[in-house]
Amino acid sequence: MDKGLHSMEGKILKGIGGFYYVQDRAGAVYECKAKGRFRLEGIKPMPGDNVRFSPPSDTEGGSILEIAPRKNALVRPMVANIDLLLIIVSAGKPKPDLGLVDKLLLYAAQGGIPAAIGVSKLDTDRGMAEEIQREYRGSGAPVHCFSARDGRGIADVAELLRGRCVCLAGQSAVGKSSLLNALSPGLCLETGGLSKKTARGRHTTRFSELLPLPGLGATVIDTPGFSILECLETQPEELKEYYPEFAGSVCRFDGCLHWKEPGCGVKGRIAAGEIDENRYTRYTMLLEELLERRKHQYD
Ligand SMILES: Nc1nc2c(ncn2[C@@H]2O[C@H](COP(=O)(O)OP(=O)(O)OP(=O)(O)O)[C@@H](O)[C@H]2O)c(=O)[nH]1
Ligand SMILES: [Mg+2]
Ligand SMILES: [Zn+2]
């Protein structure tokens with residue numbers, strides 16, 4: 001128990017080859033190993049974990065002693081205790097994949113993680129940025145438009161991130177790393193062109209890394225986010241619950257999926273301009289995908 005005397009509290013930034021890099025409140029980083037007991041208990045420390053640790057001394061290496069209960073955890077990228085999933089979509093190139101945005105919103109909601117949408121490259125297509133903002137007005141996720149190139153909207157995104165642990169997600173080349181560089185120029189993250197797809201292997205490292213943004217008291221995790229979608233497990237009947245804009249619609253049938261049923265109140269509200277039609281159309285596509293998947297489960 002004497003170890004407790006020298007123990008400190010911190011957050012795991014990354015793990016590599018059995019070592020964990022733990023940052024204390026003051027910003028210093030310590031190399032630690034996990035106690036064997038964690039392996040016995042089947043617990044693997046992950047980036048984002050809040051831990052109690054004993055720092056390395058002259059005679060002994062650093063050691064993680066205790067892991068605080070996680071409020072949430074993503075599998076890919078592997079990270080715990082996310083305060084916000086920031087979904088980035090480009091107003092210009094690459095062509096916005098709003099179906100992916102919808103799925104990421106669903107993924108965040110299922111994990112109990114608040115989500116926000118960042119529309120990047122505002123400098124290239126203002127009209128498209130405004131269209132995306134319109135489509136997600138009822139989604140419950142705030143939408144922030146910005147340009148890492150000319151700096152517009154960056155201050156608002158900085159406020160959104162302040163003091164939080166934020167996971168970025170979105171298609172390749174939408175400008176996630178460019179955004180982080182604009183927020184914190186000292187990071188010097190590598191950015192690339194649209195053809196960067198071929199270099200994808202470099203991003204799919206097994207280890208997620210939390211990057212501190214000192215000026216904002218925030219930590220961020222920069223990731224090629226599309227891989228986190230493999231584990232979407234939603235029942236078709238539940239899907240509509242994840243669309244706040246549908247709430248309060250009055251349908252003729254109980255349990256209306258807002259799909260092909262007659263007397264569906266959602267469709268009436270689309271006609272009245274209260275629900276965005278494109279977001280609804282993508283809802284039906286996702287619903288059909290989930291129904292199809294279920295059908296094949298029992299084939
Ligand atoms: N016009 C314009 N181009 C931008 C902006 N932000 C980023 N870009 C360009 O978009 C390309 C991709 O940017 P990255 O920041 O590497 O994109 P990423 O999302 O990190 O891509 P991955 O790491 O592959 O997932 C680069 O050529 C950037 O210069 C912007 O606000 N406006
Ligand atoms: Mg990047
Ligand atoms: Zn309905």
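Note: the structure precedes this text.
Since we're looking at a predicted model, the values are computed, not measured. (Residues numbered from 1 in each chain as written. Chains lettered and ligands numbered in written order. Predicted model: local features only at pLDDT ≥ 70, side-chain atom pairs only at ≥ 80, totals over all residues. Heavy atoms only, no water.)

Draft legend 1. View of the site of ligand 1. Lining the immediate environment of ligand 1, one finds 18 residues, of which D123, S172, K176, S178 and G192 sit closest. In isolation ligand 1 has 660 Å² of accessible area, and contact with the protein removes 88% of it. Grouping the amino acids of the shell around ligand 1 by side-chain chemistry returns three nonpolar, ten polar and five charged. (Near = heavy atom within 4 Å. Areas by Shrake-Rupley, 256 points an atom, 1.4 Å probe, with all protein chains shown as cover. Nonpolar A, V, L, I, M, F, W, Y, C, P; charged D, E, K, R; others polar.)

Draft legend 2. Region of the structure containing the packing of helix α4 (residues 154-161) against helix α5 (residues 176-183). The contact between α4 and α5 brings their axes to 10 Å, and the two run at 90°. Classified by the interaxial angle, the pair formed by α4 and α5 is roughly perpendicular. Here α4 contributes I154, V157, A158 and L161 to the contact with α5, which in turn contributes L179, A182 and L183. Here the residues of the contact of α4 with α5 are counted per class, giving seven nonpolar, no polar and no charged. (Axes fitted to C-alpha atoms, helices over the stretch in contact; angles between N-to-C directions. Helix = DSSP H or I, 4+ residues; strand = E, 2+ residues; numbered from the N terminus. Parallel < 35°, antiparallel > 145°, perpendicular 65-115°, else oblique. Contact = heavy atoms within 4.5 Å.)

Draft legend 3. Representation of α5 in the model. Within α5, six of the eight residues are buried, which leaves it mostly tucked inside the rest of the structure. For α5, the set of buried residues is K176, S177, L179, L180, N181 and L183. Those residues of α5 that are buried are in contact with β8 (84-90), α4, β11 (165-169), β12 (211-213) and β13 (218-221). (Buried < 20%, exposed > 50% of the residue type's maximum accessible area, 1.4 Å probe, protein only.)

Draft legend 4. Molecular detail of the packing of aromatic side chains. If you walk through the whole model with that rule in mind, you get six aromatic pairs. Positioned above the aromatic ring of Y21, the side-chain terminus of K14 is 5.6 Å from the ring centre. Residue placement shows K33 over the ring face of F19; its charged tip is 5.0 Å from the ring centre. (Phe/Tyr/Trp six-rings, centres within 6.5 Å; stacked < 30°, edge-to-face > 60°. Lys NZ or Arg CZ within 6 Å of the ring centre and 35° of its normal.)

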